[in-house]
Amino acid sequence: MKILIVGAGAIGGYFGGRLVEKGEDVTFLVRANKKEILEKTGLNIRSKNGDLQFSPKLITKSDNSKPFDVVLISTKSYQLTTAIEDVQPFVGPETMILPLLNGIAHLQILIRAFGEEKVLGGLCFVESTLSDDGTIVQTSPVHQLVYGERTGQQTERIGKLELAFKGTKAEFVKSDDINQDMWHKYLFITAMSGITSMMETSIGPIRDLETGQHVIRVFLEELVAIMEKIGAPIAPAIAETQFQRINDMSAEMKSSMQRDIEKMQPTEAEHLQGYLLGKAKEVQLSVPILEIIFTKLMLYEQRQAVQ
Ligand SMILES: NC(=O)C1=CN([C@@H]2O[C@H](COP(=O)(O)OP(=O)(O)OC[C@H]3O[C@@H](n4cnc5c(N)ncnc54)[C@H](OP(=O)(O)O)[C@@H]3O)[C@@H](O)[C@H]2O)C=CC1
Ligand SMILES: CC(C)(CO)C(=O)C(=O)O
């Protein structure tokens, strides 16, 4: 199977690297400057699950190539529009589009660009970041990628994808209800990234405080109330499940949003917290914690814009 990864960043480089390690035919679509760097340095992964260094197959948007069988989209949400334009020449009638971004709003954007049929559902749990020298640093044992047909069907193409992903060092999980899994991850990450970015620390010190525990719980309940009101396909006890997940994570765990803020980079606040805040307004729900967190993130974005 010919696999194209859009973006050799923290997650694209990581999961793409694990597929290369297994022997799959993987190409990375990168921008010209990144191509130049990667041709010199190779792609380097430093990981809890084993280091890896290799010379990746690289293309840029202006190169010629046949369509790929599957395209994994692993850019940030604010880079998606350009990424869609850049990847179009490599998408054919049978190409599957597998998005790995956090959030939900990107699904409609991808469906508009590529059509309902092509777009699968996907998400990942991995703590990964790019260091100053471009090394992908993956810092906790979990490295799971979940994917599936949004219809829930066991199609021939998803069977082929399963075969390609099988035997990889990272955990690739086929889901029969990827819509629900994506909403559950969306709930988790909106809470986790919002709270850690707001409090400017990893999750451990926050949840060690009684007030921290309370804020996490109430924020999750607030987010669930929005999701229930708009008819999102979430499970009844999901607030409690995600509360436990947050309590079970290692104390040092940070969110990618918080790491982006530490690196003074843009955030996905509009895509994650902003989208749900918009929905809360539509259905007239009061969501004070979400409003406080979103305000903090917008103030950060405004400071960045003037610098
Ligand atoms: N990091 C993490 O631990 C996790 C992240 N996620 C989610 O995954 C998504 C990606 O995050 P992450 O990997 O951290 O982000 P990164 O910034 O590390 O990676 C994004 C990559 O996409 C590349 N890119 C952007 N636009 C294009 C384009 N048009 N053509 C080619 N390459 C492009 C960027 O390249 P360039 O350097 O040229 O800008 C960059 O290398 C986000 O939605 C995030 O929320 C989900 C789970 C965990
Ligand atoms: C919390 C984590 C690392 C879990 O995968 C994540 O998804 C993110 O920070 O974007």
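The rules behind the values
- Residues numbered from 1 in each chain as written.
- Chains lettered and ligands numbered in written order.
- Predicted model: local features only at pLDDT ≥ 70, side-chain atom pairs only at ≥ 80, totals over all residues.
- Heavy atoms only, no water.
- UniProt positions renumbered as here; feature names shortened; annotations may be inferred.
- Salt bridge = Lys/Arg side-chain N within 4 Å of Asp/Glu carboxyl O.
- Axes fitted to C-alpha atoms, helices over the stretch in contact; angles between N-to-C directions.
- Helix = DSSP H or I, 4+ residues; strand = E, 2+ residues; numbered from the N terminus.
- Parallel < 35°, antiparallel > 145°, perpendicular 65-115°, else oblique.
- Left-handed = near helix turned anticlockwise from the far one by under 90°.
- Contact = heavy atoms within 4.5 Å.
- Nonpolar A, V, L, I, M, F, W, Y, C, P; charged D, E, K, R; others polar.
- Core = buried A, V, L, I, M, F, W, Y, C linked by side-chain atoms within 4.5 Å.
- Buried < 20%, exposed > 50% of the residue type's maximum accessible area, 1.4 Å probe, protein only.
- Near = heavy atom within 4 Å.
- Polar contact = N/O pair within 3.5 Å; in protein donor to acceptor, adjacent residues only side chain to side chain.
- Domains from an automatic or database assignment.
- Areas by Shrake-Rupley, 256 points an atom, 1.4 Å probe, with all protein chains shown as cover.
- Phe/Tyr/Trp six-rings, centres within 6.5 Å; stacked < 30°, edge-to-face > 60°.
- Lys NZ or Arg CZ within 6 Å of the ring centre and 35° of its normal.

Under an unreviewed UniProt entry, the name given to the chain is 2-dehydropantoate 2-reductase, and the source organism is Planococcus faecalis. Per UniProt, the chain carries the Catalytic activity (unreviewed entry) text "(R)-pantoate + NADP(+) = 2-dehydropantoate + NADPH + H(+)".

Draft legend 1. Layout of the pattern of salt bridges. Counted under the stated rule, the structure contains 15 salt bridges. Measuring nitrogen to oxygen at the nearest pair gives 3.0 Å for the salt bridge that ties Lys-254 to Glu-262.

Draft legend 2. Focus on the packing of helix α6 (residues 178–199) against helix α9 (residues 238–248). Axis separation between α6 and α9 bottoms out at 10 Å; the angle between their running directions is 55°. The orientation of α6 relative to α9 falls into the category oblique. Between α6 and α9 the crossing geometry is right-handed. Together, His-184, Lys-185, Leu-187, Phe-188 and Ala-191 of α6 and Ile-238, Gln-242, Arg-245 and Ile-246 of α9 make up the contact between the two elements. Broken down by class, the residue content of the contact of α6 with α9 amounts to five nonpolar, two polar and two charged.

Draft legend 3. Quick peek at the nonpolar core. Counting 64 residues, the largest nonpolar core has Val-71 and Val-87 as the members making the most contacts within it. Per-element accounting of this core gives the leading share, 10 residues, to α6. Apart from the residues lying within four places of it in its own chain, the contact partners of Val-87 are Leu-4, Val-6, Leu-29, Val-71 and Phe-114. Grouped together as the second largest cluster of nonpolar side chains are 32 residues, Phe-28, Phe-54, Met-96 and Leu-98 included.

Draft legend 4. Inspection of the UniProt feature "domain: Ketopantoate reductase N-terminal" (unreviewed entry) in the chain at higher detail. UniProt's entry tags residues 3–149 with the feature "domain: Ketopantoate reductase N-terminal" (unreviewed entry), counted in the numbering of this structure. Strand forms 35% of residues 3–149 and helix 27%; the C-alpha atoms that close the span are 17 Å apart.

Draft legend 5. Examining the site of ligand 1 more closely. Near ligand 1, the surroundings consist of 26 residues, among which Ala-10, Arg-31, Asn-102, Ser-128 and Glu-268 are the closest. In the environment of ligand 1, an oxygen atom lies 3.0 Å from a nitrogen or oxygen atom belonging to the backbone of Ile-11. The side chain of Glu-268 places a nitrogen or oxygen atom 2.5 Å from an oxygen atom of ligand 1. Listed by contribution, the elements that provide at least two residues to the shell around ligand 1 are α1 (10–22), α3 (80–87) and β8 (121–130). Per-element accounting of the shell around ligand 1 gives the leading share, five residues, to β8. Classifying every residue of the shell around ligand 1 by side-chain character gives 11 nonpolar, eight polar and seven charged. Per-domain counts for the shell around ligand 1 show at least three residues from each of domain 1 (2–176) and domain 2 (181–306).

Draft legend 6. Region of interest: the site of ligand 2. As a structural note, the neighbourhood of ligand 2 is formed by Asn-102, Cys-124, Phe-125, Val-126, Glu-127, Lys-185, Phe-188, Ile-189, Met-253, Ser-255 and Ser-256. Residue Asn-102 places a side-chain N or O atom 2.8 Å away from an oxygen atom belonging to ligand 2. In the environment of ligand 2, an oxygen atom lies 2.6 Å from a nitrogen or oxygen atom belonging to the backbone of Ser-256. For ligand 2, the protein covers 95% of the area, taking 280 Å² as the surface of the free molecule.

Draft legend 7. Molecular detail of the packing of aromatic side chains. What the rule picks out here adds up to nine aromatic pairs. With 5.4 Å between their ring centres and 80° between their planes, Tyr-14 and Phe-15 make a pair best called edge-to-face. Seen in terms of ring centroids, Phe-165 and Phe-172 are 4.5 Å apart; in terms of plane orientation they differ by 35°. Their pairing is tilted. Given a relative accessible area of 3%, Phe-165 falls into the buried group. Taken together through their ring pairs, the aromatic side chains of Tyr-14, Phe-15, Tyr-147, Phe-165 and Phe-172 make up a single cluster. Over the aromatic face of Phe-68 sits the side chain of Lys-2, whose NZ or CZ is 4.7 Å from the ring centroid. Sitting over the face of the ring of Phe-243, Arg-217 holds its NZ or CZ atom 4.0 Å from the ring centroid.

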